[in-house]
Amino acid sequence: MGPIVPLLNISNELNLLIAFVIGLGFGVALEQAGFSSSRKLAGMFYGYDTTVLKVFFTASITAMLGLIFLNYVGLIDLDIVYINEYYVYSSIVGGIIMGAGFIIGGFCPGTSFTAISIGKIDALWFILGSMIGIFIFGETYPLWEKLYMSSPLGPVKISTVLGIRDGYFALLLIVVASLMFWVGEMAEKKFKREDITNEI
Amino acid sequence: MENKVKKPKNYMNPYLAGILLGMVLLASFYLTGRGLGASGATRSVVVSAVSTIAPTHTANSAYFSKYTKENNPLKSWLVLEIAGVIIGGFISGAYAGRLKLKVEHSPKITPRKRIVMASIGGLLFGFGSQLGRGCTSGAALTGMSVLSLAGFVTMMAIFGTAFALAYFFKNNWI
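Each chain carries its own residue numbering, running from 1 in the written order of its sequence. Chains carry letters and ligands carry numbers; both start at the beginning, A for chains and 1 for ligands, and go up in the order they are written. Local features in a predicted model are, by the rule used here, given only for residues with pLDDT of at least 70; side-chain atom pairs are given and counted only at 80 or more, and totals for whole chains, interfaces and linings are based on all residues. As a rule here, side-chain values cover all heavy atoms of the structure and leave hydrogens and water aside.

A.B. asks: Describe a nonpolar patch on the surface, and please don't skip the residues or the numbers.
C.D. replies: All names here are of chain A. To count toward a patch, a residue needs a relative accessible area above 30% and no salt bridge. Like charges then connect within 9 Å, nonpolar side chains (Val, Leu, Ile, Met, Phe, Trp, Tyr) within 5 Å. Here the Shrake-Rupley method, with its probe set to 1.4 Å, supplies the accessible areas, and only the displayed protein chains count as covering residues. The term salt bridge refers to a pairing of a side-chain nitrogen on Lys or Arg with a carboxyl oxygen on Asp or Glu at a separation within 4 Å. Together, L162, I164, Y168, L171, L172, V175, V176 and L179 line one region of the surface with nonpolar side chains, adding up to about 740 Å² of accessible area. Counting from the N terminus, the helices are DSSP H or I runs at least four residues long and the strands are E runs at least two residues long. When residues in the nonpolar patch are grouped by element, the largest group, six residues, is from helix α10 (residues 166-190). Secondary-structure assignment places V175 in helix α10.

Here it is, written out as structure tokens:
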């Protein structure tokens, strides 16, 4: 029965080793997908490379179906699995600021670590910038506290909001993602440009 | 010398890479009850640096004091996970022949401009990830997998904004 670490009282040292091993897999998956390149990531927003869309939604659906399946066969207790808490305004405003950071900087935090690992110097600057951004948020927190804490809805699920079962939502997401993949494949043909593999 | 003319291996098929990433994420849920993260590791390093330099100031800070328990970054789960990401990325890049020190930039901009833009983008992303309680990994990808509404909202805000602003930054990429 999972999750293993909270249920079996795993020692902190072993838990940290698990963190490292999971990170290895995370890093290999991101680098193999091509997320160590900012120009490949940014391709998403100009249509010439929609790898981000394909990897992101395939990964999310894979994990979602896995969780539903493991729960169905009794291998995981979903009550113990962490569900992100929803604070209406901070999620939206935080997301908008991150989106601006994405198109300007070309990375998100996870991909910047993958890019630095193969020697991208621009990723190092992105990471240094994000440290400063976090520092500024912490130092100016009283200014944002009201926004940060407003409208807490708790760990609410999208399936609950829509009033459907988790499995049906997963099915709906698969249909929507398949349509988006189709649009993505079309976009890559329409906005095709010369191969930049040698430049990245 | 031979390495210099050798072409790097192709990237993995994106759908296959997505399944691989999804399996890693699922393993994280099964083993620990939580998904993946990235900006939390950066915060852990920032908090420990600030509290080493100015411990009283950090203890009095309404935000940083929430995280001083994870004072030693070598004992933070996310920091160890990100150490794994860096080594995993290195192994994958070495295998594929992609290891190279460089500033990756569009031929239309200078390396210096790329570095300035990367720093500004990082600053915004760092700030936004604190306000939004997590980044693309911890809030959007992980959140969506557990069907959290916050995950879907954060994902749409990040990608929607990047699409909306893409026109203004076209020369930086194409």
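A.B. asks: Residue-level account of the confidence of the model for chain B, with values.
C.D. replies: A low pLDDT means the predicted coordinates there should not be read in detail. pLDDT gives the predictor's per-residue confidence on a scale running from 0 to 100. The share of residues in chain B with pLDDT of 70 or more is 96%, and the mean pLDDT across the chain is 94. With a pTM of 0.96, the predicted complex shows an ipTM of 0.97.

A.B. asks: Any details on unusual backbone geometry? Residues and values, ideally.
C.D. replies: Across the junction of A:G2 and A:P3, the peptide omega takes the value -5°, indicating a cis bond. Phi at A:N9 is positive, roughly 50°, even though this residue is not glycine. Among the structural elements, A:N9 can be located in the loop between α1 (4-8) and α2 (12-33). On the basis of relative accessibility, which here comes to 70%, the residue A:N9 falls in the exposed class. For B:L147, which is not glycine, the phi torsion reads 65° and is therefore positive. Categorising residues by exposure relies on relative accessible area from a 1.4 Å probe, with only protein chains included: less than 20% of the type maximum marks a residue as buried, more than 50% marks it as exposed, and the intermediate range marks it as partly exposed.

A.B. asks: Kindly report on the environment of B:G93, identifying the contributing residues and their values.
C.D. replies: Residue position: B:G93 is located in helix α5 (residues 77-96). Judged by its relative accessible area of 0%, B:G93 falls in the buried class. Remark: the alpha-carbon pair of B:G93 and B:K9, spanning 84 residues in sequence, is separated by 9.4 Å. What B:G93 contacts, discounting residues up to four positions off in sequence, is A:E31, A:I118, B:R98 and B:L99. Contacts are residue-level and defined by heavy atoms, with any inter-residue pair within 4.5 Å sufficient.

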